[in-house]
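A structural walkthrough
Spelled out from the first residue to the last, the chains are:
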Amino acid sequence: MKRNRGTWLKLSMVLTLAVTLLAGCSGSNEGAQGNNANAGNGSTTANQQDPSKPDTSEKVELVWYLVGDAHKDQEQIVAEWNKMLEKDLNTTVKLNFTTWNDWATKYNLLLTSGEKVDMMFASQWADFYRLAKQGAFLDVKDMLPKYAPDTWNQIPKENWADVTIDGKILAIPSTYNEYAPDGWVYREDWRKELGTPEIKDLASIEAYLDAVKTKKNVTPINGIAFDNVFKLFRFSHDYQPYINEFSPIASTSYDNPRDIINYVETPEYEAWVKKMKDWQQKGYWTSNSLSSKQEAGDLIKTGQGAVYWRNPSAAGGFINEIKAKKLNMEIGYFPFTRFHNYAVPTLSITNGMAIPKNAANPERALMVLDKLRNDPKYFNLMTYGIEGRHWAKGKDEKHIVVPAPGVDLNEVPRYDIASWGWRFEPNMKKEDGGWEGLDKLNEEFKAISRPNTLSSITLDFEPVSAELAAVNQLVEQYGRPLMLGLVKDVDQKLKEYREKLKAAGIDKLKEYVKTEVDKQLTAKGVQ
């Protein structure tokens with residue numbers, strides 16, 4: 001983090017008299033529609049004279065972290081964004097990304113190492129509740145009305161409740177209501193060409209994979225295969241995890257949240273890993289898939305793959321890119337909700353933004369987040385990229401064209417960063433000619449919607465931390481190779497895996513989880 005505090009203090013004193021005349025047009029509408037483009041540093045003086053307004057007299061640079069990877073034009077986009085921020089709030093940001101490689105470790109380290117971070121993506125799937133209980137995020141309840149007034153007034157009470165723990169508001173939820181079940185995108189044109197059944201269950205999936213491999217001579221799940229295969233296992237069996245997605249401790253189904261098991265001990269798991277050995281030997285993925293760095297989706301685009309794990313929204317982005325690049329392929333989508341015919345809406349903190357406890361400038365960070373969420377200029381630039389390069393205006397205010405006319409997506413990739421944390425329906429746009437399947441899927445999900453009763457359950461693992469660490473290590477050592485059939489003798493490795501888990505204390509861990517989950521479900525009134 002770099003700051004020129006002394007220089008700007010001196011400069012602000014020199015400018016005080018000169019900018020007073022501009023004060024009225026800059027300090028009266030914090031967080032609103034950004035009509036103070038000509039105000040410059042006038043807000044500095046206005047705010048100094050009115051103690052009820054935020055003080056922006058000192059220029060600051062905020063450290064901001066998002067999960068995932070930056071776009072190749074990120075530096076240019078942030079530079080444009082900073083021009084507006086500096087003019088409106090006397091602030092700039094230094095935007096950093098965790099990358100997707102080992103993102104969870106990096107994310108946790110940022111929040112637990114004491115590093116100065118002002119703004120950060122937060123999510124229930126990124127362990128928001130656990131980290132919040134550990135004190136990783138700052139309570140912004142008393143600051144919101146002053147520093148993020150539009151956000152404070154617009155977000156409904158029930159959404160604030162999702163991010164409130166012990167009376168403290170520890171994040172700003174995105175409030176974009178959606179369903180985000182996992183599923184597979186796949187080459188629908190190949191399925192039709194190969195004459196395999198419509199994908200609706202494991203049997204039809206296996207028939208499709210086999211036809212792609214034997215008749216097209218293409219590795220169906222090419223590149224990184226583990227997530228694709230594991231999610232198929234988890235959702236086809238309806239296991240509901242309480243520790244992390246890959247832990248063997250889970251309830252047997254959504255309908256039986258208290259029936260908690262170690263699924264490695266079950267006949268279903270044994271049958272599955274034997275089936276995966278068979279699939280691996282048939283060539284449905286490669287022998288180096290555990291070490292591969294190649295996204296399966298990238299290989300679909302080049303005709304070298306046929307399956308890619310995505311949620312519906314991400315599937316839409318993938319399919320829109322295929323269409324925009326005019327690649328000669330038809331893409332289908334199979335949501336795993338169809339295995340059990342129910343869908344649950346996301347919590348409002350499925351995506352959000354938080355202020356870490358070590359933030360150097362939390363007040364200014366809230367002001368920036370208020371701008372990002374509510375001011376279309378800020379929202380559009382950071383969400384969709386630069387107008388005229390990454391996108392252009394569409395048929396109306398709610399639509400855009402991607403990419404902008406005359407731009408080659410092979411040279412300028414779609415601007416697609418992890419912008420989920422500031423989603424706000426009034427500012428969101430659809431693509432002209434984009435995938436219509438998403439709207440149809442949402443209607444399908446609404447028809448089978450059930451309450452999201454399990455996502456907010458959080459456990460303090462301190463009493464079983466040793467057992468948890470040992471089990472997690474075994475999942476990496478045994479669970480991943482077994483899931484992809486990358487072991488010579490499945491029976492022997494499974495026996496060894498089960499014995500090692502026992503020795504590591506998985507039974508103690510399971511009983512602890514069961515006791516704690518029972519308490520929380522009872523408190524929520526869930527049977």
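Note that the structure is a prediction, hence the values are computed from the model and not measured.

**Things to note about the nonpolar core**
- Ranked by internal contacts, the top residues of the largest apolar core, which has 72 residues, are W64, W81, Y107, F128, F137 and M382.
- In contact with Y107, other than residues within four places in its own chain, are V67, M120, F121, A122, S123, A126, L131 and F137.
- Judged by nonpolar contacts, the second largest core, of 68 residues, contains F226, I249, A250 and I457.

**What to know about the UniProt feature "domain: DUF3502" (unreviewed entry) in the protein**
- As recorded in UniProt, the feature "domain: DUF3502" (unreviewed entry) lies at residues 458-521.
- A distance of 11 Å separates the end C-alpha atoms of residues 458-521, which is 78% helix and 0% strand.

**Things to note about the pairing of strand β1 (residues 60-66)**
- Counting buried residues along β1, seven of its seven residues qualify, which places the element largely inside the surrounding structure.
- With burial as the criterion, each face of β1 is covered, one bearing V60, L62, W64 and L66 and the other bearing E61, V63 and Y65.
- Inspection of the sheet shows β1 paired to strand β2 (residues 91-97) by seven bridges, in the parallel sense. Residue W64 lies in a different strand from β2, and its bridge partner there is L95.
- Once you follow β1 into helix α3 (residues 74-89) and on to β2, the crossover reads as right-handed.
- Of the pairings in the sheet, the one linking β1 to strand β3 (residues 119-122) comprises two bridges and is parallel in character. Counterpart to W64 in the pairing with β3 is M119.

**Structural notes on helix α17 (residues 437-447)**
- Listing the buried residues of α17 in full gives G437, L441, N442 and F445. The buried residues of α17 all sit within an arc of 135° when viewed along its axis, so they share a single face. Among the exposed residues of α17, those pointing more than 90 degrees away from its buried face are K440, K446 and A447.
- Each element contacted by the buried residues of α17 is listed here: α14 (312-324) and β12 (331-335).

**Considering the domain arrangement of the protein**
- Here the domain parsing of the protein yields domain 1 (60-178 + 347-427) and domain 2 (183-230 + 265-346).
- Here domain 1 and domain 2 have C-alpha centroids that lie 31 Å from each other.
- Each partner contributes to the interface: domain 1 provides 11 residues, whereas domain 2 provides eight residues.
- Three residues stand out in domain 1 for area buried against domain 2, namely E178, L409 and R414, and they jointly supply 57% of the buried area on that side.

Conventions used here
- Residues numbered from 1 in each chain as written.
- Predicted model: local features only at pLDDT ≥ 70, side-chain atom pairs only at ≥ 80, totals over all residues.
- Heavy atoms only, no water.
- Core = buried A, V, L, I, M, F, W, Y, C linked by side-chain atoms within 4.5 Å.
- Buried < 20%, exposed > 50% of the residue type's maximum accessible area, 1.4 Å probe, protein only.
- Contact = heavy atoms within 4.5 Å.
- UniProt positions renumbered as here; feature names shortened; annotations may be inferred.
- Helix = DSSP H or I, 4+ residues; strand = E, 2+ residues; numbered from the N terminus.
- Pairing = 2+ DSSP bridges.
- Right-handed = clockwise from strand over helix to strand, strands pointing away.
- Arc of directions from axis to C-beta.
- Domains from an automatic or database assignment.
- Buried area = accessible area lost by both parts, 1.4 Å probe.

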